[in-house]
Amino acid sequence: VNCLEELWAPPPPFEGRGTMGSPGWKPTAGELRARESGTRRPLSFRASVSRRHCDAAALSGDKTIAHRWSGGVNCLELDETERRYLLAGTVDAVIAVYDTEQPTKTDRTTGHATHEPLIRVAKGSAEGAEGGVGGARGTGGHLFSVSCAAWYPVDTGMFFTGSFDQTVAAWDTNTASRVLAFPFDAKVYDISMSPNASSHCLVAVGTGHPQVRLCDPNSGNVTHTLTGHREAVWATRWMLGSEWILATGAGDGDVRLWDIRRAGSFMRLDASNVRAGEVDALEEALRAPDRGFIPTGPAPATRRDVDAVPAHLFSPDAVRCAGSGWGRSGGGGAPSGRRRYRGGAYGDAAYVAGGS
């Protein structure tokens with residue numbers, strides 16, 4: 001799992017550009033009349049306009065974002081406050097911030113606008129990096145590639161970056177200096193902050209280790225360690241429906257949902273154990289930012305808590321689910337043919353050796 005983004009329903013197939021030579025992506029007169037008369041459904045009309053808007057998008061010929069590095073770009077982040085300042089992290093360990101609305105210079109003849117970086121933090125050195133670890137201030141940049149970046153959700157005065165030098169740094173936009181750094185023992189692949197959090201300002205960090213770390217900029221410490229993945233965590237994303245729900249994806253192919261107020265993940269999605277109800281709950285939570293909806297997921301069933309076991313699992317014909325993480329038996333993940341569970345897959349007794 002390389003990335004986690006909001007889930008949206010795909011638009012219907014493209015229905016054509018209409019007649020009368022509609023300029024660009026704008027709806028035609030016929031489409032507007034159909035929508036006004038009610039013969040065109042609102043969702044269909046909106047999807048058609050959105051699709052043509054995307055088709056009409058092209059490379060801007062009158063605006064240039066000047067790059068002041070030689071390598072590739074790893075991450076781009078536009079602030080959620082003003083939708084104006086663009087944060088970029090590069091392979092060369094350079095961090096740059098651009099103002100996408102106000103150009104640095106404009107050619108009076110052609111009108112071509114050029115945007116130079118407002119802030120540029122160059123690659124640091126080992127001596128400069130030591131000054132910023134552990135909460136101390138420093139101006140040195142990252143030592144290795146900047147893998148991820150994130151704005152502070154409610155203020156453009158601060159942003160965070162993660163790097164392959166095994167650190168997550170907090171930066172003051174006004175002074176272009178590093179004010180805080182969280183050291184880790186593995187490469188940092190992804191960071192994210194909750195866009196609507198009012199009770200915390202935790203930064204979720206995915207690294208080369210299976211654990212997900214939650215860092216608190218106020219205290220400068222790692223406050224939570226979420227354990228459950230089996231390989232490196234490559235993607236993290238906070239739910240729009242709740243400031244307490246975090247979704248993570250890892251190299252083991254699992255997507256896990258966590259409620260940071262309690263231990264353990266309460267939902268796990270993988271290729272071999274995906275149920276329609278869980279997917280619907282995940283989509284609903286990602287779509288509805290203002291409902292405060294929290295998907296509960298299935299309650300884990302154990303032999304000690306017989307009341308939590310569904311009645312159909314007490315059938316003598318019930319077997320364990322081979323695709324589920326808690327249903328694996330033995331070492332290969334398939335139900336053993338030499339064990340028969342008395343009273344079904346989760347009976348009061350453990351198991352009886354032999355049988356079929």
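What counts and what doesn't
- Residues numbered from 1 in each chain as written.
- Predicted model: local features only at pLDDT ≥ 70, side-chain atom pairs only at ≥ 80, totals over all residues.
- Heavy atoms only, no water.
- Helix = DSSP H or I, 4+ residues; strand = E, 2+ residues; numbered from the N terminus.
- Buried < 20%, exposed > 50% of the residue type's maximum accessible area, 1.4 Å probe, protein only.
- Contact = heavy atoms within 4.5 Å.
- Polar contact = N/O pair within 3.5 Å; in protein donor to acceptor, adjacent residues only side chain to side chain.
- Pairing = 2+ DSSP bridges.
- Axes fitted to C-alpha atoms, helices over the stretch in contact; angles between N-to-C directions.
- Salt bridge = Lys/Arg side-chain N within 4 Å of Asp/Glu carboxyl O.
- Phe/Tyr/Trp six-rings, centres within 6.5 Å; stacked < 30°, edge-to-face > 60°.
- Lys NZ or Arg CZ within 6 Å of the ring centre and 35° of its normal.
- Core = buried A, V, L, I, M, F, W, Y, C linked by side-chain atoms within 4.5 Å.

A. Spatial organisation of unusual backbone geometry. The backbone of Q166 sits at a positive phi, close to 70°, despite the residue not being glycine. Tracing the backbone shows Q166 in the loop between strand 9 (158-163) and strand 10 (167-172). Judged by its relative accessible area of 31%, Q166 is partly exposed. One non-glycine residue, A176, adopts positive backbone phi at about 55°. Along the chain, A176 turns up in the loop between strand 10 and strand 11 (177-183). Owing to a relative accessible area of 30%, A176 belongs among the partly exposed residues under this scheme.

B. View of the environment of D190. Locating D190 in the fold gives a position in strand 12 (residues 188-193). Distance in space between the C-alpha atoms of D190 and V168 is 9.7 Å, their sequence separation being 22 residues. Apart from residues lying up to four places away in sequence, D190 is in contact with C148, A204, V205, G206, W234, A235 and T236. A polar side-chain atom of D190 sits 2.7 Å from the main-chain amide nitrogen of T236.

C. Representation of the sheet that holds strand 19 (residues 265-269) in the model. Taking strand neighbours across the sheet as the criterion, the 4 strands line up as 16-17-18-19 in an open arrangement whose pairing is antiparallel. Of all the strands in the sheet, just strand 16 (233-238) and strand 19 have a single pairing partner and so form its edges. Adjacent strand axes in the sheet meet at a mean angle of 20° when their direction is disregarded. As judged from the 5 bridges shared by strand 16 and strand 17 (residues 245-250), these two strands associate in the antiparallel manner. Pairing of V233 across the sheet is with A250, part of strand 17.

D. Up close: the pattern of salt bridges. Scanning the entire structure with this criterion turns up 10 salt bridges. Between R83 and E80 there is a salt bridge, with the nearest N and O atoms lying 2.9 Å from each other. On the basis of relative accessibility, which here comes to 51%, the residue R83 falls in the exposed class. With a closest N to O distance of 2.7 Å, D99 and R84 form a salt bridge. Pair noted here: D99 is in strand 4 (residues 95-99) and R84 is in the loop between strand 2 (73-78) and strand 3 (85-90), with a separation of 15 residues, a long-range link. On the accessibility criterion, D99 (7% relative accessible area) is buried. Overlapping salt bridges, with partners in common, bring together R230, D254, R256 and R268 in one network.

E. Spatial organisation of the packing of aromatic side chains. The final tally for this structure, using the stated rule, is 3 aromatic pairs. Relative to F159, the ring of W151 lies with its centre 5.6 Å away and its plane at 70°, an arrangement referred to as edge-to-face. Comparing W151 with F159 shows no difference in burial state: the two are buried. With a centroid separation of 6.3 Å and 15° between ring planes, the pair formed by F159 and W171 is classed as stacked. Here the residue F159 occupies a position in strand 9, and W171 occupies one in strand 10, the gap between them amounting to 12 residues. Overall, the relative accessible area of 1% leaves W171 in the buried class. Linked through ring pairs, W151, F159 and W171 together constitute an aromatic cluster. The cationic tip of K187 hangs over the ring face of F164; the distance from NZ or CZ to the ring centre is 5.0 Å.

F. Region of interest: the pairing of strand 15 (residues 221-226). Sheet analysis places strand 14 (residues 212-216) next to strand 15, joined by 5 bridges and oriented antiparallel. For V212, the partnering residue across the bridge sits in strand 15 and is L226. Between strand 14 and the antiparallel strand that follows it, strand 15, lie 4 residues; G220 among them carries a positive phi value of about 75°.

G. Quick look at the nonpolar core. Formed by 16 residues in total, the largest nonpolar core has its most connected members in V168, F184, V188, I191, V203 and V205. At the level of elements, strand 8 (146-151), strand 10, strand 11, strand 12 and strand 13 (203-207) are the ones that each hand at least two residues to this core. Filtering out sequence-adjacent residues up to four positions away, V203 remains in contact with F160, I191, S192, M193, R213, L214, C215 and P217. Counting residues in each nonpolar core, the second largest holds 13 residues, with C75, Y85, V146 and A149 among its members.

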